[in-house]
Amino acid sequence: MSTENEGNPVPPAPSAPPVPPSSPAASPQAAASDGGEAPTAPIPPTPQGAPASDPYGPAPQAPDASWPPPPPATPSYTDPGAGAGAGWGSSYDQQHQQYQHQPFQQPQHAPKKGSGRGGLIAAVLVAALVAGGLGGGLGYTLAKNNDDSGSTTISATSSGGATQVKRAAGTIAAVAQNALPSTVTIESEGTNGQGGTGTGFVFDKQGHIITNNHVVADSLDGGKLTATFPDGKKYDAEVVGHAQGYDVAVIKLKNPPSDLKPLALGDSDKVAVGDETIAIGAPFGLSNTVTTGIISAKNRPVASSDGSSTSKASYMSALQTDASINPGNSGGPLLDASGAVIGINSAIQSASSGGLGSTGQSGSIGLGFAIPINQAKYVAQQLIKTGKPVYAKIGASVSLEDGTSGAQITDSGSGGSAAVEAGGPADKAGLKPGDVITKLDDSVIDSGPTLIGEIWTHKPGDKVEITYKRGGSEHTVTVTLGSRVGDN
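Residues numbered from 1 in each chain as written. Predicted model: local features only at pLDDT ≥ 70, side-chain atom pairs only at ≥ 80, totals over all residues. Heavy atoms only, no water.

In the annotation of an unreviewed UniProt entry, the entry for the chain reads Trypsin-like peptidase domain-containing protein, and the organism field reads Streptomyces sp. 900105755.

In structure tokens, the structure reads:
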């Protein structure tokens, strides 16, 4: 789940796995000069119950389920030399000086009895460092034995080569060969010279590229945006539209080539746990990197943010994969075994600091999260059509505190407003303050953030069945989802 309200803390997602001891809150100085362990900065406790309805109003106690919670008020970008914790992503100025920021993580605690499906607060891959050179080379030496006995090696003929080997359809090599030409490395730079690297892929022949909102965020309001294809051709680009809550953005190439080949889109609803996955991106600035894994879980509630004071949160009911995803993979395609896009790589959970080239960034531990392509496709089409995102809503404020019993409608909404919007979908369905929503269709709802993520997988006008508890009794009602246009 991701950012929407300013100046307020992002609440923890429900039932998050405990943070391992070697969490990204450790100091960037990985080890002291005498070989001892570096001091570890404690992870600050995550504030609970942040509001979700009014992104610019006073901090309310009861957020609207139609909008996500706000980010922490404390900026998390820090000087690497100041002993701040390492985090996902980084930024650079015009001289490529390196900065870091901390991820949001849930404080470590013992698992709760009877908890529902695990949620997770995962820091988004905001921007990747252009990795430094890799030291050392590979070589070998052939030596003759003293008794003059020798050895013979057999080599492939020079007429054959890797480029001439035919890869069978459906193999990873064939999928990569087909998808790489339609994947771009995105460089986003703000007017202040700060920015980062992410990934995107060709959506249509008109030059539209899909990526994450947080990849292009630095280039908004007069910044610079470029997209580079694997063949080295670079194009200036502009943002067509961006959706903070969904963490989806669409950019368009200026003077796009005529031979663009959009990637085929799959059906994320039909994905099964155990299906093979292939991720393409630019981890730590290493463009055109291909990694593989499987679908580890579906419908994983995730809240993500970059940790800055001005950042807002994003929600997703994510596809979880163990394919290696690192800073710079953000916005890149997650493919199935046939090469169809089933998701947009967006967030990771990492347990240790340090990364490629000693950047101080955290890396993959096999917990990556992607926005399902069915949702991303709908959002992208809206952005191309109107430039603004459209969000589904039920029109009720729910508690975002950690818990496993459901999403409770609060007594009051943002700024003292009504918890149930008069005439809204929840009101028409008879929902009242104090009701605890436990299911949306067949999806178990264990908290407010999970409810928001599930609502946003639907479109305005969809009819959903909501199961709730009131006074010890369980009830089920049909709710027709309303809509809200724009991020504000």
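Colleague: Can you walk me through the pairing of strand E10 (residues 248–253) in this structure?
Modeller: With respect to burial, E10 is a largely interior element, five of its six residues being buried. In this structure, strand E7 (residues 208–211) lies alongside E10, joined through four bridges in antiparallel fashion. Bridge pairing in E10 links Thr-211 to Ala-249. Summarising the sheet, strand E9 (residues 234–243) and E10 pair through six bridges and their orientation is antiparallel. Residue pairing for E10: Val-239 is matched across the bridge by Ile-251. As consecutive antiparallel partners, E9 and E10 are separated by four residues, and within that stretch Asp-247 has a phi angle of approximately 60 degrees, a positive value. (Buried < 20%, exposed > 50% of the residue type's maximum accessible area, 1.4 Å probe, protein only. Helix = DSSP H or I, 4+ residues; strand = E, 2+ residues; numbered from the N terminus. Pairing = 2+ DSSP bridges.)

Colleague: Any chance you could explain the pattern of salt bridges here in plain terms?
Modeller: A side chain with one charge may pair with a side chain of the opposite charge, provided their charged atoms come close. Applying the stated criterion across every chain yields a total of two salt bridges. In this structure, Arg-470 engages Asp-435 in a salt bridge whose closest nitrogen and oxygen atoms are separated by 2.8 Å. Residue Arg-470 is located in strand E21 (residues 463–470), and its partner Asp-435 is located in the loop between helix H4 (425–428) and strand E19 (436–440); the two are separated by 35 residues in the primary sequence. (Salt bridge = Lys/Arg side-chain N within 4 Å of Asp/Glu carboxyl O.)

Colleague: Any chance you could explain the packing of aromatic side chains here in plain terms?
Modeller: Here the distance between the centres and the angle between the planes together describe a pair of aromatic rings. Enumeration over the complete set of coordinates arrives at five aromatic pairs. Centroid distance Tyr-246 to Tyr-391: 4.5 Å. Interplanar angle 10 degrees. Geometry classified as stacked. Separated by 145 residues along the polypeptide, Tyr-246 in the loop between E9 and E10 and Tyr-391 in strand E17 (residues 390–393) bring together distant segments of the chain. Accessibility expressed as a relative area gives 2% for Tyr-246, which makes it buried. Feature note: the residues Tyr-246, Tyr-315, Tyr-391 and Trp-456 constitute an aromatic cluster, connected by ring pairs. (Phe/Tyr/Trp six-rings, centres within 6.5 Å; stacked < 30°, edge-to-face > 60°.)

Colleague: Mind showing me how you'd approach helix H1 (residues 172–179) here?
Modeller: Because each turn of an α-helix spans 3.6 residues, side chains separated by three or four positions in sequence point in the same direction. Those residues of H1 lying buried are Ala-174, Val-175, Ala-176 and Ala-179. The inward-facing, buried residues of H1 abut strand E5 (183–189), strand E11 (276–281), strand E12 (289–304) and strand E14 (333–335). (Contact = heavy atoms within 4.5 Å.)

Colleague: Which parts of the structure should I look at to understand the nonpolar core?
Modeller: In summary, soluble globular proteins display a tendency toward joint burial of nonpolar side chains. In this structure, Tyr-246, Leu-335, Ile-394, Ile-437, Leu-451, Ile-455 and Ile-466 are the most contacted members of the largest nonpolar core, which totals 58 residues. Counting residues per element, this core draws most heavily on helix H3 (residues 373–386), which supplies six residues. Beyond its immediate chain neighbours, meaning those up to four positions away, Ile-466 contacts Ile-394, Ile-437, Lys-439, Leu-440, His-475, Thr-476, Val-477 and Val-479. Ile-209, Val-215, Val-216 and Phe-229 belong to the second largest nonpolar core, which has 15 residues in total. (Core = buried A, V, L, I, M, F, W, Y, C linked by side-chain atoms within 4.5 Å.)

Colleague: So what exactly am I meant to see when it comes to the side chain of Ser-182 here?
Modeller: Residue placement: Ser-182 occurs in the loop between H1 and E5. Not counting chain neighbours up to four residues away, the residues in contact with Ser-182 comprise Gly-200, Phe-201, Val-202, Lys-261 and Leu-263.

Colleague: What is the right way to read helix H5 (residues 448–455) from this model?
Modeller: Of all eight residues making up H5, eight are buried, and the element is well covered by its neighbours. Inspection of H5 places Gly-448, Pro-449, Thr-450, Leu-451, Ile-452, Gly-453, Glu-454 and Ile-455 among the buried residues, and these make up the whole buried set. Contact partners of the buried residues in H5: E12, strand E13 (314–321), E17, strand E18 (407–408), E19 and strand E20 (443–444).

Colleague: How do you make sense of the environment of Thr-183 when you look at a structure like this?
Modeller: Here Thr-183 shows up in strand E5. Its relative accessible area of 2% is what places Thr-183 among the buried residues. Separated by 104 residues in the primary sequence, Thr-183 and Ser-287 place their C-alpha atoms 9.6 Å from one another. Each residue touching Thr-183, except ones within four places of it in the same chain, is listed here: Thr-199, Gly-200, Phe-201, Thr-228, Phe-229, Pro-230, Leu-263, Ile-280 and Pro-333. Engagement of the side chain of Thr-183 in a polar contact is seen with the backbone oxygen of Ala-179, the distance being 3.1 Å. (Polar contact = N/O pair within 3.5 Å; in protein donor to acceptor, adjacent residues only side chain to side chain.)

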